[in-house]
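# Descriptive analysis of the structure
Listed below are the residues making up each chain.
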Amino acid sequence: MKKEINRLEEAVIKIKNDYNIPGLVVGVFKRGKIVFSKAYGSANKELNVPVLTSTQFKLGSISKSFTAAAILMLVEEKKLRLNDSISKFFIGAPSTWSDITVTDLLAHKSGIKDYLDDEFSKKHGIFDSGQDFSEAEMIKKSYRLPLEFRPGKKFSYSNTNYMLLGFIIHKITGKFYYQFIKEKILEPLSMNSVRIYKNSKIVYNRSNGYELLNGKIVKARFVSDTFKNTADGALYSDIFDMAKWDSELYDCKVLNRSIVRKMFDIHAPIKDSKYGYGFGWFINDKKTGKIVEHTGSGEGFTAVIKRDLGNKTTVSILTNLYRGDSEWILAEAKNIVELAKDVYY
């Protein structure tokens, strides 16, 4: 076992060095039980504050798994149906939205363009991410986004889908989507580190975010509270709560097992890929067992959770560096999963 642990440590140090990451934490879980967790580097480069295993990092789009679970809880409570048209929840929506269902949002089949694309989120764009807007304003702005294809016909990843799902949760429950997730999922599972973050708020153990500019590490660019807190990618977490989420997806203490099955079924095949999209997860339906995974990136962070259901091994890597994409962290997570197969608690 010591040899396997040493290999894991060497692999993690190599990741940090190869990608010039200021700080990261890696966790390996077996059915939600932590068998390996290590923190390396700086949570704050200016003050030389070290990363701890309790340091909180932004999850980015990994947050979509929580939003999907919340929607499916409302479906089971008969507060909405998966085949409901989303026009039911958005008065004044374009007529083209009448054919978009809740399933289409969950599985990225709506055809609505991504509001975070540079053409929309740039300075003075309709979704200028440096500005604050009300929820009503964000919804109206969404009406101006073009439809790329007929809803339900194919997969096209768009953060707009999950932003809108957060607004649907609010409309149905009367609660901001995060408050609903907190009450229904996070608090029952004692996932106390999982939170949203506002620019003015002091959050202990939160890492700063960094990005690359002309090959150099700089502070992440400013993003307003509006864009920090949408349901497509707002949550922060430490590695311990990622293990609790992994455990819940096996044990189903809060979520009904039917919810997890729906999340892990492929609802949108992806052209020219061995993966499809479930609800909040990318799925590879291998003969040896499903691989379910998601990455998250932006605002100075890149993160991944990769769950190999065949050998009950999960790897989560949380970093405070945004490099413009997340393919690199998926490759590293795959390598860590292979190294961790023979590590047990």
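Everything below is about the structure shown above.
Now for a description of the structure that goes with this document. (Residues numbered from 1 in each chain as written. Predicted model: local features only at pLDDT ≥ 70, side-chain atom pairs only at ≥ 80, totals over all residues. Heavy atoms only, no water.)

### A few points about the nonpolar core
Counting 89 residues, the largest nonpolar core has F90, I185, W245 and M263 as the members making the most contacts within it. The element contributing the most residues to this core is helix α2 (residues 64–76), with 9 residues. W245 has contacts with S65, F66, A69, I185, L189, M191, L255 and W281, leaving out every residue within four places of it along the chain. Ranked by size, the runner-up nonpolar core spans 26 residues in total, among them A11, I21, V304 and V337. (Core = buried A, V, L, I, M, F, W, Y, C linked by side-chain atoms within 4.5 Å. Buried < 20%, exposed > 50% of the residue type's maximum accessible area, 1.4 Å probe, protein only. Helix = DSSP H or I, 4+ residues; strand = E, 2+ residues; numbered from the N terminus. Contact = heavy atoms within 4.5 Å.)

### Quick look at the pattern of salt bridges
Under the counting rule described, the total for this entry stands at 17 salt bridges. The partner of D84 in a salt bridge is R81, with the nearest N and O atoms 3.1 Å apart. By relative accessible area, D84 is classed as buried at 3%. Overlapping salt bridges, with partners in common, bring together K58, K228 and E299 in one network. (Salt bridge = Lys/Arg side-chain N within 4 Å of Asp/Glu carboxyl O.)

### Side note on the sheet that holds strand β14 (residues 321–322)
Spatially, β6-β5-β14 is the arrangement adopted by the 3 strands of the open sheet, whose pairing is mixed. Each edge of the open sheet carries a strand with a single partner, namely β6 (216–219) and β14. Bridge count between strand β5 (residues 210–213) and β14: 2 bridges; the pairing is parallel. Pairing of E211 across the sheet is with Y322, part of β14. (Pairing = 2+ DSSP bridges.)

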